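Here are the chains, one letter per residue:
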Amino acid sequence: MQSLVELVDITKSFAGIRALSHVNFELQPGEVHSLVGENGAGKSTLMRVLGGEMRAETGHVAIGGEQVRLSGPTDAIKRGISIIHQEMALAPDLSVAENIFLGELPQAIVWPELNKRASALISSLGFDISPSTTVSDLSVAHQQVVEIAKALSRNAKVMVFDEPTAVLSMGDAQRLLDIIRTLRGQGVGIVYISHRLDEVFAISDRISVLKDGANVETVIPGEVDVDGLIRLMVGRPLSQLFGEKPETKIGEVALKVTDLTLPNGISNVSFEVRRGEVLGLGGLVGSGRTEVARAIFGADPITSGTMELEGKPYKPRSPKQAVKRGIGLVPEDRKGQGVVLDMAIRNNATMAWTRPVTTLFGFFNPAKERAAVSRLIDTLRIKLGDMTDPVSSLSGGNQQKVVLAKWFHAQGNVIILDEPTRGVDVGAKIEIYSLIHRLAAEGKAVIVISSEHAELFGLCDRVLVMGDGQLRGELAKDRYTEENLLSLSIAGSATKAREAGL
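Since the structure is predicted, the reported quantities are computational estimates derived from the model, not experimental observations. (Residues numbered from 1 in each chain as written. Predicted model: local features only at pLDDT ≥ 70, side-chain atom pairs only at ≥ 80, totals over all residues. Heavy atoms only, no water.)

### Looking at unusual backbone geometry
Piece 1. Positive phi is not limited to glycine here, since Asp9 has a value of about 55°.
Piece 2. On the secondary structure map, Asp9 appears in strand 1 (residues 5–14).
Piece 3. The class for Asp9 is partly exposed, based on a relative accessible area of 31%.
Piece 4. For Glu419, which is not glycine, the phi dihedral falls at a positive 50°.
Piece 5. Within the secondary structure layout, Glu419 lies in the loop between strand 17 (414–418) and helix 15 (426–441).
Piece 6. Taking the relative accessible area as the measure of exposure, Glu419 reaches 6% and is therefore buried. (Helix = DSSP H or I, 4+ residues; strand = E, 2+ residues; numbered from the N terminus. Buried < 20%, exposed > 50% of the residue type's maximum accessible area, 1.4 Å probe, protein only.)

This is how it looks when you write it as C-alpha cells:
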C-alpha cells in the first residue's frame, strides 16, 4: 500500500543543538500512528516539518509517494495535511461556521448556505452544534470538534492531533477517540501525540518512540505493554515510575477542614492532613475536588464550615492571605493560573514570596534573586536557556516545575497540587513525583488532586474520594483499587438516580 506521507532521514538543529537526528516516520491511509516520547524528544519539531512550519536540514517529505518541498503551512494544508495543536487556532469572536471556512470566505457571504455546509460537517462527526454560535461560547471539547470540522472542510487526508485530550474530561476524551476511529474508517491517516498512554494503546495501529531527537523503535500495541513502552521512552520500567519514597515521619495535623460548604454545591466536606503526609483527593471530573482546593486557597468564598491551620482558626479571604499563612496551590490550569507565560522564569519563581529577593525599600535585588532562582533550578532540575527567558519558552514539564519552584521558594507548610502532571511526559512525571516525596520528607503537608488513579495510588498515603460535591469515603493503601475508587465516587450518583426512578 502506498504511504500517505513519509518523513525520511529528517535532521533539524536550533542554535547548534540537534533537535532531530536522521528521523524516519511513515503513515498509511486509514491508520492511527502514535508518536510518543518525553518532552524534548522531537515529536513537535517533526510534525512542524510535516506541517511546513519548518524546513529540515537533511532528508525529505514525501506525500503519496511523491517527494515534495513544502513552502509553508498553507502549502501543507493544500496538500491535505492538517495539524490540530493543543492550543487551538480558532477566532473566538467569530461563529462556528466562519471559523470552519475562514480561509475561503467569499466577499458576499450567503449565510444559509454557509451554515448548512458547517452543520453537515459537524453532524458527520456525531455532534449537534449550532453553526451560528460564537466559538468563545463553546466548551473546550466542542471547540476541538470545530477544529476537526475545519480540517475536514479542507479535505484533509492526514490529521495530526497534538495532545488533544490534555484539557478534556474523561467523557469528552472518549468522544474524541470515537471521532478519530470514524476518521480512520474513512481512510484518513492520523498521527496521534499524547502523554496518556492508555489512550495511545486504545487508539493506535502502530506506536513510534522518539528519544533525544532520534528513532528508538516502532511497535504494535499488542506486542508491547505499558511497562515496555515506558522503558523504551525513558529507559526504566513502570515499577520505578513513582520512585523510592524516603523515610518520612507523619507529624501533627497541619490543616483541618470541618463541614466545608460552598455556594457552588460543595457540602459538609471534612478531613485533615498531617505534616509529612501525601493525601490524595480522587473522584470523577466535576466531583468538587478543585472547588475544595480553591476554597482552601482563598480563591472562592465559603458559605459555612471551619478550617484550622496549625491548630489556629483559618479563614482566608484571598489567595494573598492564604500564602501569608503558608498555603500554596499548583492549579489545574497551569498556563492560565499557575504562571505568567510572558514573564521571565526568575520572576515567576519568586513572585509568591518576594521578601528574600528585595531590599528593605521593596526593590528587587538582582544578585539575591539570581542566587535564589539558581538554587531552585538546580533543586528542581529545570531545563532552560536562561532564567531571564519567558516561561513560554519552556516545555510543559518545565513550566510545571516553575510553578513548583514558586512554592519551594515560598516555603509554605501546606501544598495543594491539582493535576500536577497533566500534559507532562513520563520523564518529567518521574521528576515531579520525586519532588512531591521531597516536600513530604521536609515535613510539608501535601494534597494531590488527580484524575489518574495510578498516580494517586503510587504517591499517596491515603486517598479521599469525592462525588457530587460531597466526600464519599476514604481508601487506605490496602484498599487501593480502581474499582474501589470508582465505586465510592459514583455511589451517591447511583443512589440519586434510583431515588429519581431513573
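### Details of the nonpolar core
Piece 1. Core analysis: the biggest nonpolar cluster contains 87 residues, and Leu229, Leu255, Phe271, Ile296, Ile327, Val448 and Val463 have the highest contact counts within it.
Piece 2. Among the elements that take part in this core, helix 15 stands out by supplying 9 residues, more than any other.
Piece 3. Counting 37 residues, the second-largest nonpolar core is a separate cluster that includes Leu114, Ile179, Ile180 and Val188. (Core = buried A, V, L, I, M, F, W, Y, C linked by side-chain atoms within 4.5 Å.)

### Thoughts on the confidence of the model for the chain
Piece 1. Of all residues in the chain, 96% have pLDDT values of 70 or greater, and the mean over the chain is 89.
Piece 2. Taken as a whole, residues 492–502 scores under 50 in pLDDT and shows 6 contacts with residues more than four places along the chain or in a different chain. (pLDDT = per-residue confidence, 0-100. Contact = heavy atoms within 4.5 Å.)

### Here we look at helix 8 (residues 226–234)
Owing to its 3.6 residues per turn, the α-helix brings residues three or four apart onto one side.
Piece 1. All of the buried residues in helix 8 are Gly228, Leu229, Ile230, Met233 and Val234.
Piece 2. Summarising the contacts, the buried residues of helix 8 are in contact with strand 3 (32–36), helix 7 (197–203), strand 9 (206–211), strand 10 (214–219) and helix 15.
Piece 3. With its phi angle positive at about 80°, Gly235 sits one or two positions after the end of helix 8.

### Details of the side chain of Thr11
Piece 1. Positionally, Thr11 belongs in strand 1.
Piece 2. Apart from residues no more than four positions distant in its own chain, Thr11 is found in contact with Arg18, Leu20, Ser21, His22, Ala56, Glu57 and Thr58.

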